[in-house]
Amino acid sequence: MRNLLLISSLALCFVSCNSFKCLKTTNNSTTRQEVRLGMFDTVNTHRFKTQITYNSAELTGMLICKKTQTGIIVGSFINEFGIKVFDVTISSKKAKLTNVFNNINKWYIRPILASDLHFILFAPRDLKDCTLNDTIVSIAKINCTKTYVYKLNTKTLSFEEELLKRGKKAAIKTQTILGNGIHILMKHTDGKLSYDLEEIKQ
């Protein structure tokens, strides 16, 4: 019985890992210059006026994040009353929440927030070219089931990114330059959860 469960788990992982189809992939991205620079490439610390919306519920405040010398991104979200809601630590493969405020410290909330913040703030370096739906994009495979897709919208001069889970679009993000700052909009494809981050310049 135990062996059967192990075989089933391996088979599921194999199917999940191979559900994303990418054509004409190269080892290095030739469109790297069209993919956005990471927001921490030139500035180590960013402050964002942030709104997180789930259905009709809203959480507003400030997200402060910094890239350390080791390349790890650390940040804190503080609500409009000055109360810390959570801390976040982001590495190349995942994000982790700590010191989470009681109201959102739920097992079903933490992983979603962590995954979304990784998608919003992390800029992968290991990019490859891919033809997806007849469009050349750059992709980064984060893990067995998660892929980030990057492309430049030449009409709006904004960077569009997609989060694919097991080959299916789970969330989309746009990043534009607003004055001297960055404006990020991210939402889940089911329309329930969204994020609005507007950089605060000192």
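Please read these numbers as outputs of a predicted model, since none were measured by experiment.

Q: Got a minute to help me understand the overall build of the protein in this structure?
A: Across its full length, the protein carries two helices and twelve strands. Of the regular secondary structure in the protein, the N- to C-terminal order runs α-β-β-β-β-β-α-β-β-β-β-β-β-β. Taken over 202 residues, the protein has a buried fraction of 39%. Across the protein, the fraction of contacts at a sequence separation of at least 24, relative to all contacts at a separation of at least 6, is 42%.

Q: Looking at this structure, I do not really get a nonpolar patch on the surface. What am I missing?
A: On the surface, a nonpolar cluster with roughly 320 Å² of combined accessible area is contributed by Phe81, Ile83 and Phe101. If you trace the backbone, Ile83 turns up in the loop between strand E3 (73-79) and strand E4 (84-90).

Q: How do you make sense of the pattern of salt bridges when you look at a structure like this?
A: Side chains bearing opposite charge may pair, as long as their charged atoms lie close to each other. For the coordinates displayed, the defined rule picks out five salt bridges. Notably, a salt bridge pairs Lys84 with Asp87, separated by 3.2 Å at the nearest N-O pair. Glu161 is the salt-bridge partner of Lys173, the closest N and O atoms lying 3.1 Å from each other. With Lys173 in strand E10 (residues 168-178) and Glu161 in strand E9 (residues 158-165), the pair connects residues that are twelve residues apart, well separated along the chain. One exposure class covers both Lys173 and Glu161, and it is buried. One salt-bridge network, held together by shared partners, links Lys151, Glu162 and Lys169.

Q: Can you walk me through the layout of surface pockets in this structure?
A: To find the voids left in a structure, one rolls a probe of water-molecule size over its atoms. By volume, the largest pocket is sized at about 540 Å³. What lines the largest pocket is a set of 20 residues, and nearest its centre among them are Ile52, Tyr54, Ile109, Leu113 and Leu193. Within the residue set of the lining of the largest pocket, elements represented by two or more residues are strand E1 (45-54), strand E2 (57-67), helix H2 (110-121) and strand E12 (193-199). Among the elements that make up the lining of the largest pocket, the one with the highest residue count is H2 (five residues).

Q: In this structure, what is going on with the packing of aromatic side chains? I would like to understand it.
A: Centre-to-centre distance and the angle between the planes together describe a pair of aromatic rings. All told, the structure shown has three aromatic pairs when counted by the stated rule. Where Phe77 meets Phe86, the ring centres are 5.5 Å apart and the plane angle is 15 degrees; that geometry is what we call stacked. You'll find Phe77 and Phe86 in the same group, each marked buried. Ring geometry for Trp107 versus Tyr108: centroids 5.5 Å apart, planes at 85 degrees, classification edge-to-face.

Q: Looking at this structure, I do not really get unusual backbone geometry. What am I missing?
A: One can expect most non-glycine residues to show negative phi and most peptide bonds to be in trans. Positive phi, normally seen in glycine, also occurs at Asn55, with a value near 55 degrees. Examined against the element boundaries, Asn55 turns out to sit in the loop between E1 and E2. With a phi angle near 50 degrees, Arg166 is a residue other than glycine that sits in the positive phi range.

Q: Would you take a moment to explain the nonpolar core for this structure?
A: Grouped burial of nonpolar side chains is what soluble globular proteins tend to show. Grouped together as the largest cluster of nonpolar side chains are 37 residues, with contacts concentrated most on Phe48, Phe86, Ile90, Leu97 and Tyr195. If one sorts the elements of this core by residue count, H2 sits on top with six residues. Contact partners of Phe86, with chain neighbours within four places excluded, come to Gly75, Ser76, Phe77, Leu97, Thr98, Asn99, Val100, Ile104, Leu113 and Leu117. With six residues, the next largest nonpolar core counts Leu132, Ile139, Val149 and Leu164 among its residues.

Q: So what exactly am I meant to see when it comes to the side chain of Ser115 here?
A: Within the fold, Ser115 resides in helix H2. By relative accessible area, which is 12% here, Ser115 ends up buried.

Q: What is the right way to read the pairing of E1 from this model?
A: In this structure, E1 lies alongside E2, joined through ten bridges in antiparallel fashion. Directly across from Arg47, in E2, lies its bridge partner Ile64. If you look at the hairpin formed by E1 and E2, you'll find two residues sitting between the two strands, and Asn55 has a positive phi there, around 55 degrees. Where E1 lies against E12, seven bridges are found, and the strand directions are antiparallel. Paired with Thr50 across the bridge in E12 is Leu197.

Analysis parameters
- Residues numbered from 1 in each chain as written.
- Predicted model: local features only at pLDDT ≥ 70, side-chain atom pairs only at ≥ 80, totals over all residues.
- Heavy atoms only, no water.
- Helix = DSSP H or I, 4+ residues; strand = E, 2+ residues; numbered from the N terminus.
- Buried < 20%, exposed > 50% of the residue type's maximum accessible area, 1.4 Å probe, protein only.
- Contact = heavy atoms within 4.5 Å.
- Patch = residues over 30% accessible without salt bridge, like charges linked within 9 Å, V, L, I, M, F, W, Y side chains within 5 Å.
- Areas by Shrake-Rupley, 256 points an atom, 1.4 Å probe, with all protein chains shown as cover.
- Salt bridge = Lys/Arg side-chain N within 4 Å of Asp/Glu carboxyl O.
- 1 Å grid on protein atoms, 1.4 Å probe; cavity = no way out; pocket = protein on both sides within 12 Å on 5 of 7 lines; lining within 4 Å.
- Points joined across faces, edges and corners; volume = space filled by probe spheres on them.
- Phe/Tyr/Trp six-rings, centres within 6.5 Å; stacked < 30°, edge-to-face > 60°.
- Core = buried A, V, L, I, M, F, W, Y, C linked by side-chain atoms within 4.5 Å.
- Pairing = 2+ DSSP bridges.

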